[in-house]
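A look at the structure
Spelled out from the first residue to the last, the chains are:
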Amino acid sequence: VYEGLDIITNKVSAQEQRMCQHHMISFVDPLVTNYTVYSLPDVKYCDVFLNVHIEDIFARDKIPIVVGGTNYYIESLLWKVLVNTKETGTEKVNDRKAELEKEDGHTLHKRLSQVDPEMAAKLHPHDKRKVARSLQVFEETGITHSEFLHRQHAEEGGGPLGGPLKFPNPCILWLHTDQTVLDERLDKRVDDMLAAGLLDELRDFHRRYNEKKVAENSQDYQHGIFQSIGFKEFHEYLITEGKCTPETSNQLLKKGIEALKQVTKRYARKQNRWVKNRFLSRPGPNVPPVYGLKVSDVSKWEECVLEPALEIVQSFIQGLKPAAAPIKMSCNETENKRSYHICDLCDRIILGDREWAAHIKSKSHVYQLKKRRRLDSDAVTPIKSQCISLDCDNELKEKGSPGQNDEKLRCSV
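Residues numbered from 1 in each chain as written. Predicted model: local features only at pLDDT ≥ 70, side-chain atom pairs only at ≥ 80, totals over all residues. Heavy atoms only, no water.

1. A look at the overall build of the chain
Across its full length, the chain carries 16 helices and four strands. By residue count, 35% of the 413 residues in the chain fall in the buried class. Sequence-distant contacts, at least 24 apart, represent 64% of the contacts inside the chain between residues at least 6 apart. Only carbon and sulfur atoms are counted for the fraction: they give 53% of the accessible area of the chain, which is about 25600 Å². (Helix = DSSP H or I, 4+ residues; strand = E, 2+ residues; numbered from the N terminus. Buried < 20%, exposed > 50% of the residue type's maximum accessible area, 1.4 Å probe, protein only. Contact = heavy atoms within 4.5 Å. Areas by Shrake-Rupley, 256 points an atom, 1.4 Å probe, with all protein chains shown as cover.)

The structure is reproduced here in structure tokens:
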């Protein structure tokens, strides 16, 4: 969505854009730090996308294809899950959220627990962004965030994770691959980005914007373009370039490259979990089918990806059931993904039944458990030793010391 920065955002090439009409590309100034899925400083993302582009495509008897990318955006397009606090004054609203995020997370969470205890119980105190968002919703509307969500869920077609579908008969195609193959491709992608001039692109952006922020020690890597993978990873290298020895600079560069590869692979895993948890295992009615297309072997692209995808889409257009079966995952209706747990041993707050079960089996928790048992054992042992010592003293008193017994024997003789 950002103007320029084509390499770091892995933007579709100009040649690919000429093959078919693309929308919502290069329309956001990267220097705008408060761009989110909710809104823009002058234009609301959802209003523009839904009311203008998608409806216009339908009006021309065409089918819009949403490609991603960020599954959070896709979910907000498919289901009614967002809460719009104000019709006007968007920039002011976003500024208020940014102001809240500057405060301490635990302080914000305590404040939220006073006005919206239900939402506070679902959010971790460290998740400052979501806590601030819930406070913002209440401050701007006078209605709690949890009440907004209850209203969405109560709508016809709504479910535990949000409101009803926005468009009828959607179809989701999920391109997935083996993890090992995916990791190799992601490493190569980073190498290709570097070869295409990633560092020059980052240097230019830092020079235009971040240089002043760094000097003021107020750089912001929590909003807008700065959330994109690649900025934080090369920050130390870029701000020290030319100010340190070549050896140190080279080490920082290698460190940034390795960090970029690691965070890219971590993000890919997160995206896959999102598909499984929010799409495949989504509870409630009106969950669109998700068709899996495996892309592990690109030499079989035609037979494994393109042809099945065309057949699925053609069936949907004709109102027929595709020959391919959608992916099915069992949904545990009893699992509470927002349950609140406190681990006194590890001094942590854990949200969700599954997360809690994983935590109590984790190495860190088991280590703390063994440590506590060892300390308790050490505390009990001196007490037992003291009791044994006291018993021995009493026994000696009753029997008398060896010297006293000898004296008694001599006197008797």
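Still to come is the rest of the account.
2. Looking at the nonpolar core
Grouped together as the largest cluster of nonpolar side chains are 17 residues, with contacts concentrated most on Ile8, Leu198, Leu202, Phe231, Phe234, Tyr237 and Leu260. Looking at this core, the elements that each hand over two or more residues are α9 (179–195), α10 (198–215), α11 (235–240) and α12 (246–280). Aside from chain neighbours lying at most four places away, what touches tyrosine 237 is Leu199, Arg203, Ser249, Leu252 and Leu253. Residues Val83, Ala120, Leu135 and Phe148 belong to the second largest nonpolar core, which totals 13 residues. (Core = buried A, V, L, I, M, F, W, Y, C linked by side-chain atoms within 4.5 Å.)

3. Structural notes on the packing of aromatic side chains
As enumerated under the stated definition, the model contains three aromatic pairs in all. Measuring from ring centre to ring centre gives 6.1 Å for phenylalanine 58 and phenylalanine 167, while their planes differ by 45°; the resulting arrangement is tilted. Residue phenylalanine 58 is located in helix α2 (residues 45–59), and its partner phenylalanine 167 is located in the loop between α8 (145–154) and β1 (172–176); the two are separated by 109 residues in the primary sequence. Judged by relative accessible area, which is 41%, phenylalanine 58 ranks as partly exposed. Summarising the aromatic geometry, the rings of tyrosine 291 and phenylalanine 316 are spaced 6.2 Å apart at their centres and angled 90° between planes, so their arrangement reads as edge-to-face. (Phe/Tyr/Trp six-rings, centres within 6.5 Å; stacked < 30°, edge-to-face > 60°.)

4. Observations concerning the environment of glutamate 302
Mapped onto the fold, glutamate 302 is located in helix α13 (residues 301–318). In this view, glutamate 302 contacts Glu307 and Pro308; residues no more than four positions away in its chain are not counted.

5. A few points about the packing of helix α5 (residues 105–115) against helix α7 (residues 128–141)
Put simply, α5 and α7 touch, their axes get as near as 9 Å, and they point 40° apart. Considered as vectors, α5 and α7 are oriented oblique to each other. The two elements α5 and α7 cross, and the hand of that crossing is left-handed. Residues Gly105, Leu108, His109, Arg111, Leu112 and Val115 of α5 form the contact with α7, whose participating residues are Lys128, Val131, Ser134, Leu135, Phe138 and Glu139. (Axes fitted to C-alpha atoms, helices over the stretch in contact; angles between N-to-C directions. Parallel < 35°, antiparallel > 145°, perpendicular 65-115°, else oblique. Left-handed = near helix turned anticlockwise from the far one by under 90°.)

6. Thoughts on a negative patch on the surface
Among the surface-exposed residues, Asp297, Glu302, Glu303 and Glu307 lie close enough to one another that they form a single negatively charged patch. Taking the relative accessible area as the measure of exposure, glutamate 302 reaches 46% and is therefore partly exposed. (Patch = residues over 30% accessible without salt bridge, like charges linked within 9 Å, V, L, I, M, F, W, Y side chains within 5 Å. Salt bridge = Lys/Arg side-chain N within 4 Å of Asp/Glu carboxyl O. Lys, Arg positive; Asp, Glu negative; His and termini not counted. Charge placed at Lys NZ, Arg CZ, Asp CG, Glu CD.)

7. Section: a nonpolar patch on the surface
A cluster of nonpolar side chains, namely Ile63, Ile65, Val67, Leu173, Leu175, Trp301, Leu306, Leu310, Val313 and Ile317, defines an oily patch on the protein surface of about 950 Å² accessible area. Counting residues per element, the nonpolar patch draws most heavily on α13, at five residues. Along the chain, isoleucine 65 falls in the loop between α2 and α3 (71–78).

8. Comments concerning the state of the cysteines
Inspection of every chain in the model, using the stated rule, returns zero disulfides. Summary of cysteine pairing: cysteine 346 is not part of a disulfide, and the nearest cysteine sulfur, belonging to cysteine 343, is at 3.6 Å. Given a relative accessible area of 19%, cysteine 346 falls into the buried group. (Disulfide = S-S within 2.5 Å.)

Fair warning: the whole summary comes from geometry, so function is off the table for now.
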